[in-house]
Amino acid sequence: NLRKCLGLLDSFEMANQATTFAKAISNDLPIVPAVDWLYEEIDASSDGKFRIEGRLNKQPIEVIFAPEVENTLISKSLVKELKLERGIKSRIENDQGVREYFTTIIELLTYKSILISNFVALVDNRAESNRLVLGKNALGRYEIEKKQNKLSLRSVVIREGSETEVGINRSSIVDSLD
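Structural notes, computed from the coordinates. It should be emphasised that the depicted structure is a prediction, and the values quoted were computed from it without experimental measurement. (Residues numbered from 1 in each chain as written. Predicted model: local features only at pLDDT ≥ 70, side-chain atom pairs only at ≥ 80, totals over all residues. Heavy atoms only, no water.)

A look at the overall build of the protein chain
Then comes step 1: Counting secondary structure elements, the protein chain contains six helices and 10 strands.
Then comes step 2: Relative to its 178 residues, the protein chain shows a buried fraction of 34%.
Then comes step 3: Long-range pairs, those at least 24 residues apart, make up 58% of the contacts in the protein chain between residues at least 6 apart in sequence.
Then comes step 4: Element-wise, carbon and sulfur atoms account for 50% of the exposed surface of the protein chain, whose accessible area totals about 11,600 Å². (Helix = DSSP H or I, 4+ residues; strand = E, 2+ residues; numbered from the N terminus. Buried < 20%, exposed > 50% of the residue type's maximum accessible area, 1.4 Å probe, protein only. Contact = heavy atoms within 4.5 Å. Areas by Shrake-Rupley, 256 points an atom, 1.4 Å probe, with all protein chains shown as cover.)

A few points about unusual backbone geometry
Then comes step 1: One non-glycine residue, Lys83, lies in positive phi territory at about 55 degrees.
Then comes step 2: Topologically, Lys83 is positioned in the loop between helix H3 (76–81) and strand S5 (89–94).
Then comes step 3: Judged by its relative accessible area of 71%, Lys83 falls in the exposed class.
Then comes step 4: Not every positive phi belongs to a glycine, and Asn118 is a case in point at roughly 50 degrees.
Then comes step 5: Looking at the element boundaries, Asn118 is found in strand S7 (residues 114–124).

Quick word on the pattern of salt bridges
Then comes step 1: Using the criterion set out here, one finds 12 salt bridges in the structure.
Then comes step 2: Its salt-bridge partner being Asp47, residue Arg51 comes within 2.3 Å of it at the nearest N-O pair.
Then comes step 3: Among the salt bridges present, the one from Glu62 reaches Arg131, with a minimum N-O distance of 3.4 Å. One end of the pair, Glu62, is in strand S3 (residues 59–65); the other, Arg131, is in strand S8 (residues 131–134), and 69 residues separate them in sequence.
Then comes step 4: The network of salt bridges with shared partners includes Asp47, Arg51, Glu62 and Arg131. (Salt bridge = Lys/Arg side-chain N within 4 Å of Asp/Glu carboxyl O.)

Thoughts on the layout of surface pockets
Then comes step 1: Approximately 530 Å³ is the volume attributed to the largest pocket.
Then comes step 2: Taken together, 25 residues make up the lining of the largest pocket; nearest its centre are Ala66, Val69, Asn71, Leu73 and Val133.
Then comes step 3: Put simply, the parts of the chain that give the lining of the largest pocket at least two residues each are S3, S5, S7 and S8.
Then comes step 4: Broken down by element, the lining of the largest pocket gets its largest block of residues, three residues, from S5. (1 Å grid on protein atoms, 1.4 Å probe; cavity = no way out; pocket = protein on both sides within 12 Å on 5 of 7 lines; lining within 4 Å. Points joined across faces, edges and corners; volume = space filled by probe spheres on them.)

Examining the environment of Arg131
Then comes step 1: The exposure class of Arg131 is buried, given its relative accessible area of 9%.
Then comes step 2: Along the sequence, Arg131 and Leu73 sit 58 residues apart, while their C-alpha atoms lie 8.4 Å from each other.
Then comes step 3: If we skip the residues at most four places from it in the chain, Arg131 touches Arg51, Glu62, Ile64, Leu73, Ile74, Ser75 and Leu78.
Then comes step 4: Among the polar contacts listed, one links the side chain of Arg131 to the side chain of Glu62, at a separation of 3.4 Å. (Polar contact = N/O pair within 3.5 Å; in protein donor to acceptor, adjacent residues only side chain to side chain.)

Considerations on the pairing of strand S4 (residues 72–75)
Then comes step 1: On S4, burial covers both faces: Thr72 and Ile74 on one face and Leu73 and Ser75 on the other are all buried.
Then comes step 2: Strand direction decides the pairing type here: S4 and S8, joined by two bridges, are antiparallel. Bridging from a neighbouring strand, Leu73 pairs with Val133 of S8. (Pairing = 2+ DSSP bridges.)

Considering the pairing of S7
Then comes step 1: Note that S4 and S7 share four bridges and pair parallel. Within the sheet, the bridge partner assigned to Thr72 lies in S7 and is Ala121.
Then comes step 2: Relative to S7, strand S6 (residues 97–111) runs antiparallel, the two sharing nine bridges. The residue of S7 that forms the bridge with Ile105 is Val120.

Side note on the packing of aromatic side chains
Then comes step 1: Counted according to the given criterion, the structure contains zero aromatic pairs.
Then comes step 2: If you follow Arg86 out to its NZ or CZ, it ends over the ring of Phe102, 3.7 Å from the centre. (Phe/Tyr/Trp six-rings, centres within 6.5 Å; stacked < 30°, edge-to-face > 60°. Lys NZ or Arg CZ within 6 Å of the ring centre and 35° of its normal.)

Looking at the side chain of Ser90
Then comes step 1: Turning to its location among the elements, Ser90 is positioned in strand S5.
Then comes step 2: Under the relative-accessibility criterion, Ser90 is labelled buried at 16%.
Then comes step 3: Among residues more than four places away in sequence, those in contact with Ser90 are Arg99, Glu100, Tyr101 and Thr103.

Limitation: the analysis is restricted to geometry and does not speak to function.
Take a look at the structure:
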């Protein structure tokens, strides 16, 4: 599989010689993925919810992880406190019928190694103040597993690096495969 991957990389380089990405590859400093493996466990609180104190736009807030909920919800008071922009009005249908919500964009939510960025939250007038409930739309890139009183989140973050940063090069990989 690795040999096939390197062959595809070579084919890409040949087919796209004019692009910056391909030029980096042809200059023997190809861009290669640097991989970060993320794993966090969150214990359930006494009410059975998975609560943490996260940071939203650098401000501490209460976050509830709710992977069974379709959309992320944020309280109106938290939107005002953090001066988040109100977006479009959306009609959402669920088990209780159709409700209208305004939306807002969450730029960055952090908790330990978890970074969730640029996702939509529905502004919920009925939500408890200073609370964000993370739903499937924000948790989609995480593999989530619920076991008894623990919620585990796993993910892989692939970022660009160069062979120099990673300390390997394509020719040495091919040589080791032979």
